[in-house]
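Summary of the model geometry
Single-letter residue listing:
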Amino acid sequence: MRVAMRTRLSASWLLLFCLILLPAGRSLHAQERIVIDTKAATTPFPHFWEQTFGSGRAILSLRQSYRDDLRTVKQATDFESIRFHGIFHDEVGLYDPDRKTKNPGLAAQAANDASVYNFSYVDQIYDGLLENHVRPYVELSFMPKKMAADPNALHAFWYKPNVSPPKDYALWDAMITAFASHLVERYGLDEVAKWKFEVWNEPNLDFWVGNPKQPTYFELYDHTARAIKAVSARLQIGGPSTAQAAWVAPFLAHTKAEDVPVDFVSTHVYANDTADNVLGTNENVPRDTMVWRAVKKVHDEIAQSPYPNIPLIFSEYNASYANEPDVTDSTFMGPWLANTIRLCDGLTQSMDYWAFSDVFEEQGVVRTPFYGGFGLIAADHIPKPALNVFRILHKLGDHPVASDSDSALVTQTQSGGLAIALWDYAPPTGTGATYTMPTGSAGPAKTFDLELKGVAPNAAAEVWRVDDDHGNVLKAFDAMARPLGDLTQAQVAKLRAAGEMAPPERVHLDHGKLQLTVPAHGLAVVVVAK
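Notes on the structure follow.

Procedures and definitions
- Residues numbered from 1 in each chain as written.
- Predicted model: local features only at pLDDT ≥ 70, side-chain atom pairs only at ≥ 80, totals over all residues.
- Heavy atoms only, no water.
- Helix = DSSP H or I, 4+ residues; strand = E, 2+ residues; numbered from the N terminus.
- Buried < 20%, exposed > 50% of the residue type's maximum accessible area, 1.4 Å probe, protein only.
- Contact = heavy atoms within 4.5 Å.
- Areas by Shrake-Rupley, 256 points an atom, 1.4 Å probe, with all protein chains shown as cover.
- Salt bridge = Lys/Arg side-chain N within 4 Å of Asp/Glu carboxyl O.
- Core = buried A, V, L, I, M, F, W, Y, C linked by side-chain atoms within 4.5 Å.
- 1 Å grid on protein atoms, 1.4 Å probe; cavity = no way out; pocket = protein on both sides within 12 Å on 5 of 7 lines; lining within 4 Å.
- Points joined across faces, edges and corners; volume = space filled by probe spheres on them.
- Nonpolar A, V, L, I, M, F, W, Y, C, P; charged D, E, K, R; others polar.
- Polar contact = N/O pair within 3.5 Å; in protein donor to acceptor, adjacent residues only side chain to side chain.
- Pairing = 2+ DSSP bridges.
- Axes fitted to C-alpha atoms, helices over the stretch in contact; angles between N-to-C directions.
- Expected span 1.5 Å × (residues − 1).
- Phe/Tyr/Trp six-rings, centres within 6.5 Å; stacked < 30°, edge-to-face > 60°.
- Lys NZ or Arg CZ within 6 Å of the ring centre and 35° of its normal.

**Some thoughts on the overall build of the protein**
Looking only at helices and strands, one finds 15 helices and 19 strands in the protein. Considering the protein as a whole, with its 530 residues, one finds that 55% of them fall into the buried category. Counting only contacts in the protein whose residues sit at least 6 apart along the sequence, the fraction spanning at least 24 positions is 75%. With an accessible surface of roughly 22600 Å², the protein has 52% of that area assigned to carbon and sulfur atoms.

**Section: the pattern of salt bridges**
Here the structure, examined in full by the defined rule, presents 26 salt bridges. Ionic pairing is found between Asp 78 and Lys 74, a salt bridge with its closest N-O pair at 3.1 Å. Residue class for Asp 78 comes out partly exposed when judged on its relative accessible area of 48%. One salt bridge connects Lys 146 with Asp 96, and the closest N-O pair in it is separated by 3.0 Å. Here Asp 96 lies in the loop between strand 3 (81-84) and helix 3 (99-102) and Lys 146 lies in the loop between strand 4 (135-140) and helix 5 (169-187), a separation of 50 residues in the sequence.

**Considering unusual backbone geometry**
With omega at 0°, the peptide bond leading from Asn 211 into Pro 212 counts as cis. Phi angles above zero are rare outside glycine, and Ala 245 is one such case at about 55°. Among the secondary structure elements, Ala 245 is positioned in the loop between strand 6 (236-242) and helix 8 (248-258). What makes Ala 245 buried here is its relative accessible area of 1%. Positioned with a positive phi, Trp 247 is a non-glycine residue whose angle comes to about 70°. In this fold, Trp 247 is placed in the loop between strand 6 and helix 8. Taking the relative accessible area as the measure of exposure, Trp 247 reaches 16% and is therefore buried.

**Points about the nonpolar core**
Within the largest apolar cluster, 118 residues are counted, with the highest numbers of intra-cluster contacts made by Tyr 126, Phe 179, Phe 197 and Leu 393. Sorting elements by how many residues they give to this core places helix 5 first, with eight residues.

**Quick notes on empty space enclosed by the protein**
Under the criterion given, the structure shown has one cavity of 30 Å³ or more. What the largest cavity holds in volume is close to 30 Å³. The wall of the largest cavity is formed by His 89, Asp 90, Met 143, Lys 145, Lys 160, Pro 161 and Asn 162. Here the residues of the lining of the largest cavity are counted per class, giving two nonpolar, two polar and three charged.

**Some words on the side chain of Thr 242**
In this fold, Thr 242 is placed in strand 6. Overall, Thr 242 belongs to the buried group, its relative accessible area being 0%. There is a polar contact of 2.5 Å between the side chain of Thr 242 and the backbone oxygen of Ala 246. Beyond its immediate stretch of four places on either side in the chain, Thr 242 contacts Glu 202, Pro 203, Asn 204, Trp 247, Ser 266, Thr 267 and His 268.

**Description of the sheet that holds strand 19 (residues 522-528)**
On the basis of which strands lie adjacent, the open sheet formed by six strands has the order 12-13-14-19-16-17 and antiparallel pairing. For this open sheet the edge positions go to strand 12 (399-401) and strand 17 (505-508), each flanked by a neighbour on one side alone. Geometrically, the sheet is characterised by an average inter-axis angle of 25° between neighbouring strands, direction not taken into account. Alignment of strand 16 (residues 460-466) against strand 17, held across four bridges, turns out to be antiparallel. Residue Ala 460 lies in a different strand from strand 17, and its bridge partner there is His 508. Along the sheet, helix 13 (residues 385-393) makes contact with strand 14 (418-424), strand 16 and strand 19, crossing strand 16 at roughly 155°.

**What to know about helix 4 (residues 120-131)**
Between its first and last C-alpha atoms helix 4 spans 16 Å; for 12 residues at 1.5 Å apiece the expected length is 16 Å, and the two agree. Buried within helix 4 we find Val 122, Asp 123, Ile 125, Tyr 126, Gly 128 and Leu 129. Buried-residue contacts for helix 4 involve helix 2 (64-77), strand 3, strand 4 and helix 5. In the segment just after helix 4, His 133 is the residue with positive phi, at about 60°.

**A closer look at the packing of aromatic side chains**
Across all of its chains, the model carries 34 aromatic pairs by this definition. With 5.2 Å between their ring centres and 80° between their planes, Phe 53 and Phe 79 make a pair best called edge-to-face. Highlighted residues: Phe 53 in strand 2 (residues 52-54) and Phe 79 in the loop between helix 2 and strand 3, separated in sequence by 26 residues. Ring centres of Tyr 317 and Tyr 353 lie 5.8 Å apart, and the angle between their planes is 85°; this geometry places the pair in the edge-to-face category. With Tyr 317 in strand 8 (residues 312-318) and Tyr 353 in strand 9 (residues 350-353), the pair connects residues that are 36 residues apart, well separated along the chain. Judged on exposure class, the residue Tyr 317 and its partner Tyr 353 are both buried. Site record: aromatic cluster; members linked through ring pairs are Phe 88, Phe 142, Phe 157, Tyr 159, Trp 172, Phe 179, Trp 200, Phe 207 and Trp 208. The ring of Phe 79 has Lys 74 lying over it, and the distance from NZ or CZ to the ring centre is 6.0 Å. One cation-aromatic arrangement involves Lys 395 over Trp 464; the distance from NZ or CZ to the ring centre is 4.1 Å.

Written out as structure tokens, the structure reads:
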């Protein structure tokens with residue numbers, strides 16, 4: 001009797017403990033009914049979250065590992081373009097005013113100012129993208145040291161880019177003109193006119209040491225925009241490419257007042273940015289709504305600007321700007337990304353996930369595959385859950401169907417069927433920059449009761465999942481006790497296999513209904529045949 005009583009009391013205390021720890025409004029098992037009218041009017045739903053990806057700096061694109069990852073993400077999402085820093089970094093070799101005197105072989109070109117430019121690596125970088133049917137999104141950065149007002153103004157990134165203004169804007173203008181002219185000559189104006197040219201990166205942070213920051217950045221933008229447009233009015237130029245959704249209103253007021261060309265607005269935000277930095281408030285904005293709040297803020301600023309219809313591009317965003325393995329390496333990314341897409345639909349032309357791959361060296365050479373990197377693919381070409389999240393969200397259609405749920409996206413596909421994303425959002429379970437070994441569920445599961453009107457009552461469907469047990473390489477990494485440092489080839493092969501997309505479940509509707517349970521941090525996409 002005492003043993004039985006202890007068991008019953010322990011269970012009661014456990015239940016009470018769980019109820020106390022659960023976030024307000026969440027039960028041990030949530031349930032939601034969603035009625036979908038497939039005949040309802042729809043609007044366009046462009047896949048704005050998978051048009052452009054960020055990546056490590058320009059020179060990395062020459063690596064085989066980079067191009068292997070590029071092809072994998074292209075196959076998964078059919079994305080259009082890549083943005084990276086550093087096309088003017090000295091390691092790319094574009095600008096060297098001493099090249100004529102140092103290389104006797106160029107003596108015959110001494111009278112030709114173009115000899116200070118060497119486009120060899122620039123061409124290899126852009127050729128490599130285009131050969132994989134990916135266009136450059138051209139971030140015009142950073143400053144060649146021999147053009148810099150301060151050659152020692154080096155950013156803290158491992159590859160030490162120079163973040164100084166130019167010592168002479170005539171030199172900068174000439175380089176921008178030569179650069180754009182070369183691209184048009186090599187690839188043709190019809191092609192290059194489809195590219196975006198963005199002036200610098202996050203000048204409101206330590207990527208720009210002009211003083212004061214905003215006026216000196218505006219000077220850089222003015223010179224760059226006019227030099228680009230001097231090559232062709234068809235080339236697209238934009239900015240201010242700021243962090244934390246900053247400077248957009250003053251930037252557009254400036255370009256209007258000074259009659260400076262601008263074709264699009266770009267800015268950045270991360271879900272762990274703070275409200276005081278992004279919104280100018282003292283709120284505690286949760287991670288699942290911060291990106292939307294920033295996008296909505298800038299969207300509204302543009303609506304009140306002299307350019308109310310100018311395209312808005314968030315050319316960097318992610319769930320974290322820090323190295324948080326339990327965020328960017330984990331299944332948390334499924335519900336977070338799906339909910340961000342739901343909230344931001346209609347507010348921006350493009351949201352450019354930073355980044356497609358962990359072939360990435362801002363903090364130095366990668367030492368372990370799961371350190372909270374930005375990429376969809378870890379080192380050694382190991383797929384993360386985030387890659388599979390993008391894979392299944394790619395299955396969404398191009399016309400949304402109205403839904404009152406805050407945990408669902410319902411779309412019509414081109415074939416006349418339905419694609420429905422369902423998720424169970426819960427905050428990250430980790431402790432920041434290090435993993436916690438699995439100790440239990442992130443929260444209660446959620447059951448969706450779907451009722452579909454306007455489809456065959458027994459229509460066939462596929463259910464694609466990303467959660468702790470589907471498309472989740474971390475489960476295999478946990479089984480290895482999360483080894484630090486170098487992996488063996490056998491471990492890499494095992495992790496690659498474990499990270500692959502799980503095959504779909506094949507089901508049929510029952511009188512137009514389907515019940516589906518999604519675990520916390522889980523994402524499911526239901527594809528219903530026409």
